[in-house]
Amino acid sequence: MAEKKPAGLDAFKEDQSVKTIDTSKKVKVGIIGTGWIAEAHAVEYKKMPDVEVVALADLIPGKAEKFKATWGLDGARCYLSGHEMLENEELDAVSICTYNRQHAPCAIDALEHGVNVMLEKPFCVTTEEAVEVIRAEKKSGKILSIGFQPRFNPNMRLIKQIVQSGQLGKIYYIQTGGGRRRGIPTPFGTTFIEDATAGIGAMADIGCYSLDMVLNALGYPKPLTVSGFTTDYFGKNPEYWTVEGKPANYADIFSVDDFAGGLIRLEGGIILDFRIAWAMNLDTSGDTIIMGTKGSLRIPSTECWNGSIGGPLKIYHDVEGTRIGVATEIPMQKALPEGEFYHKLRSFLDAVKEGGSAPVPSSEILYNQAIIDHIVKSSKLGHEVEVEIPEI
């Protein structure tokens, strides 16, 4: 006899169709930072008939102009700083695509100029910075959304639906993380691997995604304590770089984490066991597991963690009224035709136009950032720390 699916799972029938877009008024957008991730913003904005990219800013002379020509952003004016752009343009929104350490100051500046903000992940570098940005957001009354495109993956939404449905009972333990066997990002230089620009390494690049996957499913409970550690064994090894075809002195430049982990106590008596890697001698650090009193959910890992899942979900539970354990496989959901990045930006712009709320609110990602920051603090101190978040 075929195993019956737990009730409620077929309820995931959310309409993912594209809304009709009102083109009667153009949304004027600026992009601050014209590096790697800004390319994705330009590509998706150009698909939107109601968007006009009117300004670009980058601190490297000529870089914004080159970006403008490469992506066909005719008419966009170029600046050497985000502040100069904000002082001279009347913008509806900005995409902040700078390196990590400039996220907070650029976001605060934009909000203080009365501009809605799409802020690329990670939120920033420290908990204190995140709080300052949120204070500016509240004072401005503008929208601040954080760039977590995996939120729009139908499989990620299904994970949240399963957890929120109560099928698993009370959640008490989560294992999550992932990483890459070899994958320290240096596509166009060293901004990802220097403390002066990145501030945080693997945790900021991909760890924040895996944290968001489970925290969002739970409804973002508050983190209470963290016992964490970070390492840099691969990044500080000259041989790693020469094998990768990069200069050996990248090992001297490397000053962030290439691996990190932590045991986090969350409100509600939940334990979160987290690990993330840019490089490791292993194909995976394990699947994500969400354990509950009625059932558990297994989320298969991927070879290179990129905000997706590696295969069908599985729910482990007992046949009702027995101790017979069964595993129910949940088919993977179809990908969105337009892609998750498109929907990340589209949902933000719809909120701007319609006076809606942030699709990925800062109030949630504050806890994500606090976990990352306190893993760093715990690692430096060598013991567990209480999560301290200043009052907003």
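Throughout, residues of each chain are indexed from 1 in the direction in which the sequence is written. With pLDDT at 70 or above as the cut-off, local features in this predicted model cover only qualifying residues; side-chain atom pairs require 80 or more to be listed or tallied, and sums for whole chains, interfaces and linings still use all residues. Excluding hydrogens and water, the side-chain figures rest on all heavy atoms present in the structure.

### Examining the overall build of the protein chain
Strands are runs of DSSP state E lasting at least 2 residues, helices are runs of H or I lasting at least 4, and numbering of each runs from the N terminus. Along its length, the protein chain carries eleven helices and 15 strands. For the radius of gyration, the atoms used are the C-alpha atoms, and the globule rule reads 2.2 Å times the number of residues raised to 0.38. Relative to the globule expectation of 21 Å for 392 residues, the C-alpha radius of gyration of the protein chain, 21 Å, shows essentially globular dimensions. Considering only C-alpha atoms, the protein chain reaches an extent of 70 × 55 × 45 Å along its principal axes. Exposure categories follow from relative accessible area, calculated using a 1.4 Å probe and restricted to protein chains: below 20% of the type maximum is buried, above 50% is exposed, and the middle band is partly exposed. Counting only residues that meet the buried cut, the protein chain has 53% of its 392 residues in that class. For this analysis, residues touch if any pair of their heavy atoms sits within 4.5 Å. In the protein chain, the share of contacts with a sequence separation of at least 24, taken over all contacts with a separation of at least 6, comes to 72%.

### Overview of the packing of helix α4 (residues 103-112) against helix α5 (residues 127-140)
At their nearest, the axes of α4 and α5 sit 9 Å apart, and the two run at 10° to each other. By the angle between their directions, the pair α4 and α5 is classed as roughly parallel. Across the interface between the two elements, Ala104, Ala107, Ile108 and Leu111 of α4 pack against Glu129, Glu132, Val133, Ala136, Glu137 and Ser140 of α5. Each residue gets one of three labels, nonpolar for Ala, Val, Leu, Ile, Met, Phe, Trp, Tyr, Cys and Pro, charged for Asp, Glu, Lys and Arg, and polar for the others, Gly among them. A class-by-class count of the residues in the contact of α4 with α5 yields six nonpolar, one polar and three charged. Think of each axis as a best-fit line through the C-alpha atoms, taken over the contacting stretch in the case of a helix, with angles from 0 to 180 degrees between the N-to-C directions. Angles below 35 degrees are treated as roughly parallel, those above 145 as roughly antiparallel, those between 65 and 115 as roughly perpendicular, and all remaining angles as oblique.

### Brief notes about unusual backbone geometry
In this structure, proline 122 follows lysine 121 across a cis peptide bond, with omega equal to -5°. Within the secondary structure, proline 122 sits in the loop between β5 (116-120) and α5.

### Let's talk about the nonpolar core
Phe123, Ile159 and Ile290 are the most contacted members of the largest nonpolar core, which totals 91 residues. The leading source of residues in this core is helix α7 (residues 202-218), at twelve residues. In this structure phenylalanine 123 touches His103, Ala130, Val133, Ile134, Leu144, Ile146, Ser362, Ile365, Leu366 and Gln369, once residues within four positions along its chain are discounted. Counting residues in hydrophobic clusters, the runner-up holds 26 residues, among them Met48, Cys97, Leu349 and Ala351. Only buried residues count toward a nonpolar core, which is a set of Ala, Val, Leu, Ile, Met, Phe, Trp, Tyr and Cys residues joined through side-chain atoms within 4.5 Å.

### Brief notes about the pattern of salt bridges
By definition here, a salt bridge exists when the distance from a side-chain nitrogen of Lys or Arg to a carboxyl oxygen of Asp or Glu is within 4 Å. One pass over the full model with this rule turns up 17 salt bridges. Its salt-bridge partner being aspartate 287, residue arginine 298 comes within 3.2 Å of it at the nearest N-O pair. Of the two residues, arginine 298 is situated in strand β12 (residues 295-299) and aspartate 287 in the loop between β10 (270-277) and β11 (288-292); the sequence distance between them amounts to eleven residues. Across the pair aspartate 350 and arginine 346 runs a salt bridge, and its minimum N-O distance is 3.0 Å. One end of the pair is aspartate 350 and the other is arginine 346, both in helix α10 (residues 340-354) and four residues apart, which spans about a single turn. Arginine 346 matches aspartate 350 in its accessibility class, with the two residues each being buried. Via salt bridges that share partners, Asp50, Arg346, Asp350 and Lys353 belong to a single interconnected network.

### Thoughts on α4
Side chains three or four residues apart in an α-helix point the same way, a direct result of the helix having 3.6 residues per turn. The element α4 is extensively covered by neighbouring structure, given that eight of its ten residues are classed as buried. Buried-residue contacts for α4 involve β1 (27-32), α3 (82-88), β4 (93-96), β5 and α5.

### Considerations on the packing of aromatic side chains
Working definition: rings of Phe, Tyr and Trp (its six-membered ring) pair if their centres are within 6.5 Å, and the pair is stacked with planes under 30 degrees apart, edge-to-face with planes over 60 apart, and tilted otherwise. This structure, assessed with the given rule, holds ten aromatic pairs. Between tryptophan 36 and phenylalanine 192, the ring centres sit 5.9 Å apart and the planes meet at 75°, which makes this aromatic pair edge-to-face. Here tryptophan 36 is found in helix α1 (residues 36-46), whereas its partner phenylalanine 192 is found in the loop between β7 (171-179) and α7, with 156 residues between them in sequence. Exposure remark for tryptophan 36: the relative accessible area of 43% places this residue in the partly exposed category.

### As for the confidence of the model for the protein chain
Think of pLDDT as the predictor's per-residue confidence, scored from 0 to 100. Within the protein chain, residue pLDDT values average 94, and 95% of them lie at 70 or more. Note on residues 1-8: pLDDT is under 50 here. Beyond four places in sequence and across chains, it has 14 contacts. Below a pLDDT of 50 lies the segment residues 11-15, which in the model reaches seven contacts outside its immediate sequence neighbourhood of four places, other chains included.

### Looking at the pairing of strand β6 (residues 144-147)
Being paired, for any two strands, means DSSP has found at least two bridges between them. Here β5 pairs with β6 via four bridges, running parallel. Note on β6: the bridge partner recorded for glutamate 120 is glycine 147. With the strands pointing away from the viewer, any crossover whose connection runs clockwise from the first strand over the helix to the second is right-handed. In this fold, the crossover linking β5 to β6 by way of α5 has right-handed handedness.

### Here we look at the packing of α1 against α10
The axes of two packed helices give the description: the angle between them and the distance between them. At their nearest, the axes of α1 and α10 sit 9 Å apart, and the two run at 70° to each other. Of the possible angle classes, the one that applies to α1 and α10 is roughly perpendicular. Read as a crossing pair, α1 and α10 show a hand that is right-handed. Contacts between α1 and α10 involve Ile37, Ala40, His41, Glu44 and Tyr45 from the first element and Phe341, Tyr342, Lys344, Leu345 and Leu349 from the second. Of the residues that constitute the contact of α1 with α10, the class distribution is seven nonpolar, one polar and two charged. Here a crossing is taken to be left-handed if its near helix is turned anticlockwise relative to the far helix by less than a right angle, and right-handed if that turn runs clockwise.

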